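Letter by letter, the chains look like this.
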Amino acid sequence: MTDVVLRPMRAEDVPGVVDVQEPASVAGLSGVFPQHLHPFPRRAVEDRWYAEIQDPLVDCFVIERDLAIVGFAAVSGDEVKHLGVGLDEWGTGTAAEAHDELIALMRRRGVVRPWLRVYTANPRGRRFWEKQDWVDTGERSRGPLPPHAELMTYALEARPGQSPGSPASAGERPVRSR
């Protein structure tokens, strides 16, 4: 496997990001958004990415391998807003590599307790976050899009002896950023 690169997302990346995001979202979130009732809202997702790229409080990233877009991520302060990879990347470790780089970035910025929301009815997503040592805080909310499914809040605590700028896990190999 070649190195994964995490780089800032540009407006011209959005169509390619959504091309990767749509099939993975449909496959991974069908229990949350049955496609016959709630088809993937491509235009709304594109508009959200364009808005987040312009938002000075949000950092959006493209995950690349060999100059091809294979995933996406976004953080805002202490929140991981988005992290996903294409179907072809599922199970390859790409998402875990990108996760580790995002957390290392957040720790370098002084974030001690990153948090995120994941759909309760997304067992694959929940397993991913739990495997990365995220824990359910018990906080619940509702998603912004119909059917306004339940979201769980997860948080990642710094390990004892870990400084805010250190990687999330010992021995990790960070993703190359550019």
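See the structure above.
Residues numbered from 1 in each chain as written. Predicted model: local features only at pLDDT ≥ 70, side-chain atom pairs only at ≥ 80, totals over all residues. Heavy atoms only, no water.

Asks: What am I meant to see in the packing of aromatic side chains here?
Replies: How two aromatic rings sit relative to each other is set out by the distance from centre to centre and by the angle between their planes. Applying the stated rule across the entire model yields 4 aromatic pairs. Between the aromatic rings of Phe33 and Tyr119, the centroid separation amounts to 5.4 Å while the plane-to-plane angle is 85°, which identifies the pairing as edge-to-face. Taken together, the positions of Phe33 in the loop between helix H1 (14-28) and helix H2 (42-54) and Tyr119 in strand S5 (residues 115-119) put the pair 86 residues apart, joining distant regions of the chain. For the pair shown, Phe33 and Tyr119 are each scored as buried. A ring pair is formed by Phe128 and Trp129, whose centres lie 5.0 Å apart and whose planes are at 80°; its orientation type is edge-to-face. Aromatic ring contacts, followed pair by pair, group Phe128, Trp129 and Trp134 into a single cluster. (Phe/Tyr/Trp six-rings, centres within 6.5 Å; stacked < 30°, edge-to-face > 60°. Helix = DSSP H or I, 4+ residues; strand = E, 2+ residues; numbered from the N terminus. Buried < 20%, exposed > 50% of the residue type's maximum accessible area, 1.4 Å probe, protein only.)

Asks: Is there a simple way to think about the pattern of salt bridges in this case?
Replies: Should the charged atoms of two oppositely charged side chains come close, the side chains can pair. In total, this model carries 17 salt bridges according to the counting rule given. The shortest N-O distance in the salt bridge between Glu79 and Arg117 comes to 3.9 Å. With Glu79 in strand S4 (residues 79-85) and Arg117 in strand S5, this residue pair connects regions lying 38 residues apart in the sequence. Overall, Glu79 belongs to the buried group, its relative accessible area being 15%. Given the relative accessible area of 38%, Arg117 is considered partly exposed. Here Glu157 and Arg113 are joined by a salt bridge, their closest N and O atoms 2.7 Å apart. Taken together, the positions of Glu157 in the loop between strand S7 (150-155) and strand S8 (176-177) and Arg113 in the loop between helix H3 (94-108) and S5 put the pair 44 residues apart, joining distant regions of the chain. Judged by relative accessible area, Glu157 falls into the partly exposed class, the value being 42%. (Salt bridge = Lys/Arg side-chain N within 4 Å of Asp/Glu carboxyl O.)

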